[in-house]
Structures are given as structure tokens and as C-alpha cells.
Amino acid sequence: MIADSPAALPSQQKVYDVVLKQAALVEKLGKLEKFPAIPVTNRDLLEEAYTRCGEICAEYAKTFYLGTLLMTPERRKAIWAIYVWCRRTDELVDGPNAAHITPTALDRWEQRLEDLFVGRPFDMLDGALADTVSKYPVDIQPFRDMIEGMRLDLVKSRYKNFDELYLYCYYVAGTVGLMSVPVMGIAPESNASVESVYNAGLALGIANQLTNILRDVGEDAGRGRVYLPQDELAKFGLSDEDIFAGKVTNKWRAFMKDQITRARMFFKEAELGVMELDKDSRWPVWASLLLYQQILDSIEANDYDNFKRRAYVGKWKKLVSLPSAYVRAISPDVSRLVPMS
Ligand SMILES: CC(C)=CCC/C(C)=C/CC/C(C)=C/CC/C(C)=C/[C@@H]1[C@@H](COP(=O)(O)OP(=O)(O)O)[C@]1(C)CC/C=C(\C)CC/C=C(\C)CCC=C(C)C
Ligand SMILES: Nc1ncnc2c1ncn2[C@@H]1O[C@H](COP(=O)(O)OP(=O)(O)OP(=O)(O)O)[C@@H](O)[C@H]1O
Ligand SMILES: [Mn+2]
């Protein structure tokens, strides 16, 4: 669905406003340095910080890490720094200390974010991100919005409808798309509008998060959380009780088919943007898209049992996806986004 069409959900319109702002900013700033974030004397420390970011990424998410190895060295470091900030933000509400996290702690985390964006990082990992945001036209808003998503997660464990869920997905994952596009870069020869490329990045984040939610239904229920839209469950004659009971029934299969179809629509929307990215960034993004999309296939292969079985993509399948992503990244005949009118 086109985000600014009259049929769009209120959340989609709200998020599209952020997309427009990001696009306008990139057009204005280009690749100009915003401020010298890190004094040159600290170069060694900075390199050490980036290396540490890479190690953390490798430790937490092998597949992401694999994707980053396909990037140019400079972009790889930037994505590692962004990854680590996102991971640390997520850990505040999902990690071992999550029970002690208060809104005040999130406010403090946000203050640290504001500081690093003006070149005053709190620690070395913040320092890596401070350097990254001084080199690429990355805006602070998606970072603030991700923290907002964590605030929401502290107080909300049910979603009335897709509109509510969409906003949550934007906060925790669509934002990652908006943070990544300025690092990946848009191809100089692209005719697509900047906002359409941001929109595709946003769609990839939403698609990943919807997939993540569908994969983790059982795990989330174990924590008392149901991310699935309540009105859609009801439409299929299902409720929270069915989720806590964890039985795969025909009603559940029909519901899941619908949910998977929607997640695939967001992946399709994202695909349109990949060819508009800088040519060196297409392979890692295609690889990432193909790998994550296969989780949906794996849920189907598990006969929709996402209560007790964790859908995953095996090592062999992951490796096979890399050449196929490469072929797509270099083939020019993939449908492209329409240029700005
Ligand atoms: C190339 C590439 C994939 C770059 C992005 C790398 C990056 C900065 C990742 C950060 C991920 C992160 C830690 C986010 C925090 C919030 C969160 C946990 C979101 C979910 C990720 C998966 O985490 P996990 O399964 O570990 O979650 P739990 O264990 O359940 O807590 C998400 C599903 C979101 C991931 C979203 C993306 C990777 C967005 C990708 C979009 C782009 C790279 C834009 C590409 C551009 C175009 C034009 C298509
Ligand atoms: N290529 C990718 N594209 C998008 N998201 C990804 C990708 N790879 C991993 N992720 C996200 O990062 C999360 C962290 O990865 P996770 O630790 O769960 O598994 P992994 O390390 O990628 O895989 P494995 O340990 O099975 O090799 C994944 O659950 C997924 O949400
Ligand atoms: Mn994980």
C-alpha cells in the first residue's frame, strides 16, 4: 500500500512523514561533514571501538555479520556501530537487566544519544557511532524513535489491530532501515526519488520484524506477550487462549497464511529499493533480504507450528543464498522504482 494514499492507515501516514523528512535532509546535507565528531588524536581508540563493534555483531548475529562482510570496509564499520547501538537499546528491555529498566533509564539512554550526536560520546562504543553519524547523512530521529519503541514495549503487551502493530514495527525495526539507507548510499545513476528508497528500507525493517514476530509466537507467549493483531485473531475465531494453548489447528493455519502473505508483501516492497542502492551495497542487502525471507518458508515447512518449533534457515541454505543474492544484485532487469514526478 502506498503510504500517502487515502487508504493508508494512520500509523503509515505518520511514519511516512518521517520518511519524507529523512529524504529532505539527505538531499540537503548530502555527504557533507556535519561536525568533526572525534578528535584526530583518538584515531587508534576509534579503530579499537569499531573492531569491538564488529566482534559484538559477530557474537550476537552471525548472519548479519556475514552480510556485513560483503560491504565495503568503511560501510561495514558504520553498520557495525549502528548494529551495536540498536542491540544495546534492545538489550535494555530484552536483556538480563530488563526487569530493572524504568522509563527514567530510557530517558538517560536518550540523553546519551543526544550527546553522541553532537560529538560528546559517553563510551567508546558510542564513540564509534558518533564518528559514523559525522561521516554519513544519518539523522537522529530514527534512533529516538527506536527508544520510543522500547518505551512502548515496557507498557504494552497486546496490539488491537495492524495499525498499532505497524507503528511498533516501525519503532523497533523500520527505524533500522532508515538508519541504514544513508550508509548504504543511493546509486548516483538512480532515477528513483530519495523518499522511495527510504520507503523501501523502511519496508525491509517492517518485513523483518513481522517475520520475527511470526517466528517467535511461542517464545513471546512464554513472556506473556502477544504481538499479533487482536482483531485479526478474532476474525479467524482465535484468541489469546489459543496462543497460550499452543495447538496448531486449521484455524491457526489459515490465520498464519494470512500473516505470512502480508509479511511477504512488505518484502516485495523492499525489493524495489535494492536496485536503487549504491552498487556495492546491493549484494549485502539482497543477501539479508533473501535470508530473512526464508524464515517464512521455514514456518510453512514446520506446518505453522511456531509455538514449539523455532523456524530457522540452515547454514547450507544460507550459503547457497549468497551467490543467488549476488546474481540478483548485478542483474539490471529487476523492476525499479519509478522516478519522482
Ligand atoms: C545490511 C543490514 C541487514 C543492515 C542492518 C544491520 C543492523 C543495523 C541491524 C540492527 C538490528 C537490531 C539489533 C535491531 C534492534 C531491534 C530489533 C531486535 C529488531 C529486530 C531485528 C532482529 O533481531 P533479533 O531476532 O535478534 O530479535 P530478538 O532476538 O527477537 O530480540 C529485527 C527483526 C529488525 C531488523 C531490521 C533490519 C535489519 C532492517 C534492514 C533494512 C535495511 C538494511 C535497509 C536496506 C535498504 C533498502 C533500500 C531495502
Ligand atoms: N540477514 C539478515 N537479515 C535481516 N535480519 C537478520 C539477518 N540475519 C540475522 N538477522 C536478525 O538478527 C537476529 C540475530 O541473529 P541470531 O543470533 O538470531 O541468529 P544468527 O546468528 O543470525 O544465525 P545462526 O546463529 O543460526 O547462524 C536474527 O534473529 C534476525 O532477527
Ligand atoms: Mn536474536
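All chains use their own residue numbering, which begins from 1 and follows the written sequence. The order in which chains are written sets their letters, starting at A; the order in which ligands are written sets their numbers, starting at 1. Per-residue local features of the predicted model are confined to residues with pLDDT of at least 70, and side-chain atom pairs are confined, for both listing and counting, to 80 or more; whole-chain, interface and lining totals are unaffected and use all residues. As a rule here, side-chain values cover all heavy atoms of the structure and leave hydrogens and water aside.

Looking at an unreviewed UniProt entry, the chain carries the name 15-cis-phytoene synthase, with the source organism given as Selaginella moellendorffii. UniProt positions are given in the numbering used here, feature names are shortened, and annotations may be inferred rather than shown by experiment. The UniProt entry for the chain carries the following comment under Sequence similarities (unreviewed entry): "Belongs to the phytoene/squalene synthase family." Quoted verbatim from the Catalytic activity (unreviewed entry) field of the UniProt record, the comment on the chain reads "2 (2E,6E,10E)-geranylgeranyl diphosphate = 15-cis-phytoene + 2 diphosphate".

Asks: Where do I start with the site of ligand 1 in this structure?
Replies: Within the structure, ligand 1 sits among 33 residues, and R87, V172, Q209, N212 and S288 are positioned closest to it. In this structure, an oxygen atom belonging to ligand 1 sits 2.9 Å away from a side-chain N or O atom of R87. The side chain of R215 places a nitrogen or oxygen atom 3.4 Å from an oxygen atom of ligand 1. By definition, any uninterrupted DSSP run of H or I lasting at least four residues is a helix, any uninterrupted run of E lasting at least two residues is a strand, and each is numbered from the N terminus. Put simply, the parts of the chain that give the shell around ligand 1 at least two residues each are α4 (73-94), α8 (162-184), α9 (194-215), α13 (250-274) and α14 (279-301). Polar here means any residue outside two lists: the nonpolar Ala, Val, Leu, Ile, Met, Phe, Trp, Tyr, Cys and Pro, and the charged Asp, Glu, Lys and Arg; Gly therefore counts as polar. Of the residues that constitute the shell around ligand 1, the class distribution is 19 nonpolar, nine polar and five charged. Being near a molecule or strand, for a residue, comes down to having at least one heavy atom within 4 Å of it. Polar contacts, as used here, are pairs of N or O atoms within 3.5 Å; protein pairs need one atom able to donate a hydrogen and one able to accept it. Residues neighboring in sequence count only if both atoms are side-chain atoms.

Asks: I would appreciate a short explanation of the site of ligand 2 in the present structure.
Replies: Residues in contact with ligand 2, as listed here, are Y60, A61, K62, T63, F64, N208, N212, R215, S288, L291, Y292 and K318. Protein chains bury 76% of the 590 Å² of accessible surface belonging to ligand 2 in isolation. For the area figures, the Shrake-Rupley method with a 1.4 Å probe applies, and any residue is considered shielded solely by the protein chains shown.

Asks: What exactly am I supposed to notice about helix α6 (residues 124-135) here?
Replies: One full turn of an α-helix is made of 3.6 residues, so residues set three or four places apart face in the same direction. The end-to-end C-alpha distance of α6 is 17 Å, a good match for the 16 Å that twelve residues give at a rise of 1.5 Å each. In terms of burial, α6 is a largely internal element, ten of the twelve residues being buried. Categorising residues by exposure relies on relative accessible area from a 1.4 Å probe, with only protein chains included: less than 20% of the type maximum marks a residue as buried, more than 50% marks it as exposed, and the intermediate range marks it as partly exposed. Among all positions of α6, only L125, D126, G127, A128, L129, A130, D131, T132, V133 and S134 are buried. For this analysis, residues touch if any pair of their heavy atoms sits within 4.5 Å. In this fold, the buried residues of α6 make contact with α2 (43-60), α4, α5 (103-117) and α7 (141-155). Backbone nitrogen of L125 and a side-chain oxygen of the N-cap are separated by 3.2 Å at the start of α6; the cap is D123. Helix span is expected to be 1.5 Å times the residue number reduced by one.

Asks: Which parts of the structure should I look at to understand the pattern of salt bridges?
Replies: A side chain of one charge can pair with a side chain of the opposite charge when the charged atoms of the two come close. A pair is scored as a salt bridge if a Lys or Arg side-chain nitrogen falls within 4 Å of a carboxyl oxygen belonging to Asp or Glu. Taken as a whole and judged by the stated rule, the model has 32 salt bridges. In this structure, E189 engages R282 in a salt bridge whose closest nitrogen and oxygen atoms are separated by 3.5 Å. With E189 in the loop between α8 and α9 and R282 in helix α14, this pair connects stretches of sequence that are 93 residues apart. For E271, the salt bridge goes to K268, with nearest N and O atoms at 3.3 Å. With E271 and K268 both in helix α13 and three residues apart, the pair spans about one turn of that helix. Since its relative accessible area comes to 13%, E271 is described here as buried.

Asks: Even after reading the chapter, I still don't get the packing of aromatic side chains, so can you show me in this structure?
Replies: Given two aromatic rings, their pairing is described by the distance between the two centres and the angle made by the two planes. What counts as a ring pair is set by centres within 6.5 Å for rings of Phe, Tyr and Trp (its six-membered ring), and what kind of pair is set by the plane angle: stacked under 30 degrees, edge-to-face over 60, tilted for all other angles. Applying the stated criterion across every chain, the model contains 16 aromatic pairs. Between the aromatic rings of W252 and F255, the centroid separation amounts to 5.4 Å while the plane-to-plane angle is 35°, which identifies the pairing as tilted. Of this pair, W252 and F255 are both found in helix α13, three residues apart, which corresponds to roughly one turn of the helix. Both residues of the pair, W252 and F255, count as buried. One aromatic cluster is present, formed by W85, W109, F117 and F143 through successive ring pairs. Working rule: Lys NZ or Arg CZ, within 6 Å of ring centre, within 35 degrees of ring normal, means a charge sits over the ring. In this arrangement the basic side chain of K156 is found over the ring face of Y159, its NZ or CZ atom lying 4.8 Å from the centre. Above the ring of F162, the side-chain terminus of R262 is found at 3.8 Å from the ring centroid.

Asks: How should α7 be read in this particular structure?
Replies: Taking 1.5 Å of rise per residue, the 15 residues of α7 would be expected to cover 21 Å, and the 22 Å separating its terminal C-alpha atoms lies within 8% of that figure. If you check which residues of α7 are buried, you get P142, F143, D145, M146, I147, G149, M150 and D153.

Asks: How should unusual backbone geometry be read in this particular structure?
Replies: Excluding glycine, most residues fall at negative phi; most peptide bonds, likewise, are trans. A positive phi is found at D303, a non-glycine position, where the angle reads about 55°. Note on placement: D303 falls in the loop between α14 and α15 (315-330). Its identity as a non-glycine residue notwithstanding, Y304 has a phi of 65°, on the positive side. Considering the arrangement of structural elements, one finds Y304 in the loop between α14 and α15.

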